[in-house]
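Structure assessment
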Amino acid sequence: MSMTTSGAGATPEIAISRDAAALAEEAARRFVAAAEAAIGARGRFTVALSGGSTPKALFRLLAAAPYKEQIDWSKLHLFWGDERTVPPGDEQSNYRMTRENLLSQVPIPEGQIHRIVAENPDHEAAADAYATTLRQIFALAAGEFPRFDLIHLGLGTEGHTASLFPGSPALAERERLVAAPWVEKLDSFRITLTPPTINAAREVQFLAAGAEKADIVRAILRDAKDPTELPAQIVAPEGGRLTWLLDEAAAAKLGE
Ligand code: 6PG
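Residues numbered from 1 in each chain as written. Predicted model: local features only at pLDDT ≥ 70, side-chain atom pairs only at ≥ 80, totals over all residues. Heavy atoms only, no water.

1. Examining the site of the ligand
Around the ligand sit 14 residues in total, of which Ser 53, Thr 54, Asp 82, Arg 84 and Lys 213 are the nearest. Within the backbone of Gly 51, a nitrogen or oxygen atom sits 3.3 Å from an oxygen atom of the ligand. In isolation the ligand exposes 410 Å². Once the protein is present, 87% of that is buried. (Near = heavy atom within 4 Å. Polar contact = N/O pair within 3.5 Å; in protein donor to acceptor, adjacent residues only side chain to side chain. Areas by Shrake-Rupley, 256 points an atom, 1.4 Å probe, with all protein chains shown as cover.)

Spelled out as C-alpha cells, the structure:
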C-alpha cells in the first residue's frame, strides 16, 4: 500500500510505502511495469541500476517468484549509474552486489550486462570507455545523450546521488556522458553518469529508506535549489518522469 502524490510537469511523484520491505515490493512492481512498457514499445528495456545497500532488497525480489517470471530478461540491457574504482570481485563493487543479489539468478544475456570497467587505473579512460559503450548501445550521434528507459538512484545522507557528491566538479558537466570525479570524502575516484545523462532518461526513480535519510529527503525535496550542496536536486529529467520511492521512515520529515 503506498500513498502517492504527483503534480504536473517537473513536480516529482512521491510514493510512500509502510517500511523498507514494502518499498522494495513497490519498486519491484514498478520495475516490472517499466520493463513491460519499454519492451512493448521498443523491443528492449534499458535500465541503469544504483549501488549501495538500498537496492539489495529490490534485487532479491526481482530474482525470485513472482517478479522473476514477469520480466523477459532476454530483452534487458543493464547498466550502472556509478561504480567504485575497484575490481568487479571487490566487496565494494556495485557490480558484485548486483551479481550476488540479482544477476546470478536471472537469464540476462552476458552481452547485455554492461559493467563499468572501473578497475582501470586510468579513471578518465574508464569513463570514456563507458561513454563509448553507451554511444554504441544507444546508437548515439555526436552530442546526443542516452535516453534510458529507467535510471535508479540512491541518496546519500549528505545529498549525493550516483557518485555526484557535494562540491563535485562533475555537477557542472554538461558535455560528457560519464565522468571520473575525485571524491575527497571517500579519498577515491568514482565513475558516474553525469547530470545530462541522468536527466535525459524517460524515468528516474530515487529509492530511499530508513530514518537516517529523513533529514536529507526533506532537504532535497523542500529546501531551496542548491545542487552544488544538494546534488540530488540536480536530477530533473527534461522529458521524463521523476519518482521518489520512500518508506515512511525516510518520508517522516516531509511535512515539516
Ligand atoms: C554508491 C551508490 C550511491 C548510493 C547512496 C545510498 O555507489 O554508493 O550509487 O549513490 O546509492 O550512497 O547508499 P545506501 O543505499 O547504501 O544508503
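2. Observations concerning the pattern of salt bridges
This model, assessed by the stated rule, comprises 18 salt bridges. Between Glu 26 and Arg 30 there is a salt bridge; the shortest N-O distance is 2.7 Å. Of this pair, Glu 26 and Arg 30 both sit in helix α1 (residues 20-42), four residues apart, which is roughly one turn of that helix. Here Glu 26 and Arg 30 have matching classes, each one buried. One salt bridge connects Lys 253 with Asp 215, and the closest N-O pair in it is separated by 2.7 Å. Remark: Asp 215 occurs in helix α6 (residues 214-222) and Lys 253 occurs in the segment after α7 (248-251); sequence separation between them is 38 residues. A relative accessible area of 26% places Lys 253 in the partly exposed class. When its relative accessible area of 47% is taken as the criterion, Asp 215 is described as partly exposed. Through salt bridges with shared partners, a single network forms among Glu 13, Glu 26, Arg 29, Arg 30, Glu 203 and Arg 241. (Salt bridge = Lys/Arg side-chain N within 4 Å of Asp/Glu carboxyl O. Helix = DSSP H or I, 4+ residues; strand = E, 2+ residues; numbered from the N terminus. Buried < 20%, exposed > 50% of the residue type's maximum accessible area, 1.4 Å probe, protein only.)

3. Observations concerning the packing of aromatic side chains
Applying the stated criterion across every chain, the model contains eight aromatic pairs. Aromatic ring contacts, followed pair by pair, group Phe 79, Tyr 130, Phe 138 and Phe 148 into a single cluster. Between the NZ or CZ atom of Arg 44 and the centre of the ring of Phe 138, over which it lies, the distance is 5.5 Å. (Phe/Tyr/Trp six-rings, centres within 6.5 Å; stacked < 30°, edge-to-face > 60°. Lys NZ or Arg CZ within 6 Å of the ring centre and 35° of its normal.)

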